[in-house]
Amino acid sequence: MTCRVASVLVAVVLTSASLGGQDAPQAPPPGDPGRWDRMFETEPSHVRWEPNAFLMGATQPMMPGNAIDVGMGSGRNAIFLARSGWTVTGIDTWRVGVARARERAAAEKVSLNVIQQDMFQFDYGAERYDLVLFMYMGPVQDLDRRLVEALRPGGYLVIEHFAGAFEPGSLPMLFRGLEVLQYTEAEDFPDYDQRNKQKVVRFLGRKPR
Ligand SMILES: C[S@@+](CC[C@H](N)C(=O)[O-])C[C@H]1O[C@@H](n2cnc3c(N)ncnc32)[C@H](O)[C@@H]1O
């Protein structure tokens, strides 16, 4: 695949500020998909319902198509996309989250294909999605090739997470087959835990046509 970097916006803030502070909710480590079920029998208060602001801005100019939300939680972003005209699949292992996503989609009368499955077991296929979301999901290293393969030419990958999960600058390297449309590592209030500012990484990449 041709390696093209269209425009890279890198705001690397090399401070040692609280990266994923001790009480910050973090994604479970890969390989322990049942952890959320064990931890959260009901939807915890830190789980956000507002869609992710970076996603909302990034998708505004896009033509809706097929999207997948990998680890959709209780569906805030998946339902936002469905409401915006996308055909959305959301996968997650968390029983409570999956149930809430189904309830919310039904209440909003939007179609959402909800699949309760481990993201490492899911068959993403090839050139199936115009948009892949990986929001507050931790390291993506074991899935990167499959996520890129699942993108249609011209399709987008959107990632946001606590930056402490990644080596600085590592996402553009990992996804060097994609055009990097936006990449920032900066102090901000993380979308998933707005109590404290910390370093947040945001990545928007596009598969070359
Ligand atoms: C911090 S939440 C983020 C939820 C959502 N992406 C968002 O931004 O609102 C992490 C989610 O990843 C899910 N998860 C963790 N490991 C998983 C795995 N191996 N397969 C599928 N889902 C997983 C959890 O169940 C949880 O819903």
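Scroll up to find the structure.
I will try to describe carefully the structure that is included in this document. (Residues numbered from 1 in each chain as written. Predicted model: local features only at pLDDT ≥ 70, side-chain atom pairs only at ≥ 80, totals over all residues.)

1. Brief notes about the overall build of the protein
Selection criterion: Secondary structure elements are defined from DSSP: runs of H or I of at least 4 residues count as helices, runs of E of at least 2 residues count as strands, and each element is numbered from the N terminus. Any residue whose C-beta has 12 or fewer other C-beta atoms within 10 Å is treated as exposed, any with 20 or more as buried, and any in between as partly exposed, C-beta atoms being built from the backbone. Note that contacts rest on C-beta atoms placed from the backbone: two residues are in contact if these are within 7 Å.
Helices and strands together make up the secondary structure of the protein, namely 6 helices and 7 strands. Ordering the α and β elements of the protein from the N terminus gives α-α-β-α-β-α-β-β-α-β-α-β-β. Going through the 209 residues of the protein one by one, you find that 41% of them count as buried. In the protein, of all internal contacts separated by at least 6 residues, the share reaching a separation of at least 24 is 72%.

2. Concerning unusual backbone geometry
The phi dihedral of E127 falls on the positive side, at around 50°, and the residue is not glycine. Position of E127 relative to the elements: it lies in the loop between β3 (113-116) and β4 (129-135). With a phi angle near 55°, Y136 is a residue other than glycine that sits in the positive phi range. Along the chain, the position of Y136 falls in the loop between β4 and α5 (144-150).

3. Examining the pairing of strand β2 (residues 87-92)
Consecutive side chains of a regular strand alternate in pointing toward one face of the sheet and then the other. What counts here: Strand pairing is defined by DSSP finding a minimum of two bridges between the two strands. The definition of a right-handed crossover adopted here requires that, viewed with the strands pointing away, the path from the first strand over the helix to the second runs clockwise.
Among the 6 residues of β2, 5 are classified as buried, and the element is accordingly described as predominantly covered. Two strands pair when backbone bridges link them, and strand β1 (residues 66-70) and β2 are joined in this way by 5 bridges, in the parallel orientation. Counted as the bridge partner of D69 is G90 from β2. For the crossover from β1 across helix α3 (residues 76-83) to β2, the handedness is right-handed. Summarising the sheet, β2 and β3 pair through 4 bridges and their orientation is parallel. For D92, the partnering residue across the bridge sits in β3 and is Q116. At this point the chain moves from β2, through helix α4 (residues 95-108), to the parallel β3, and the crossover so formed is right-handed.

4. Concerning the pairing of β4
Extensive coverage of β4 is indicated by the burial of 7 of its 7 residues. Here β1 pairs with β4 via 3 bridges, running parallel. Opposite D69, over in β4, you have L133 as the bridge partner. Relative to strand β5 (residues 151-162), β4 is paired through 6 bridges, and the arrangement is parallel. Looking across to β5, one finds that M135 is bridged to E160.

5. With respect to the environment of A67
In this fold, A67 is placed in strand β1. Residue A67 is classed as buried on the basis of its C-beta count, with 25 C-beta atoms lying within 10 Å. With sequence-adjacent residues up to four places away left out, A67 is seen in contact with L81, W86, T87, V88, Y129, D130, L131 and L133.

6. Comments concerning the sheet that holds β4
Put simply, the rule reads: Whenever a helix is involved, its axis is fitted only over the stretch in contact; in every case the axis is a line through C-alpha atoms, and angles between N-to-C directions fall within 0 to 180 degrees.
Here 7 strands make up an open sheet; going across it, the order is β3-β2-β1-β4-β5-β7-β6 and the pairing mixed. What marks the edges here is a single partner per strand, and that holds for β3 and β6 (179-188). Averaged over all adjacent pairs, the angle separating strand axes in this sheet is 10°, with direction ignored. One ladder, built from 7 bridges, connects β5 with strand β7 (residues 198-206); its direction is antiparallel. Within β7, the position partnered with F162 by the bridge is V200.

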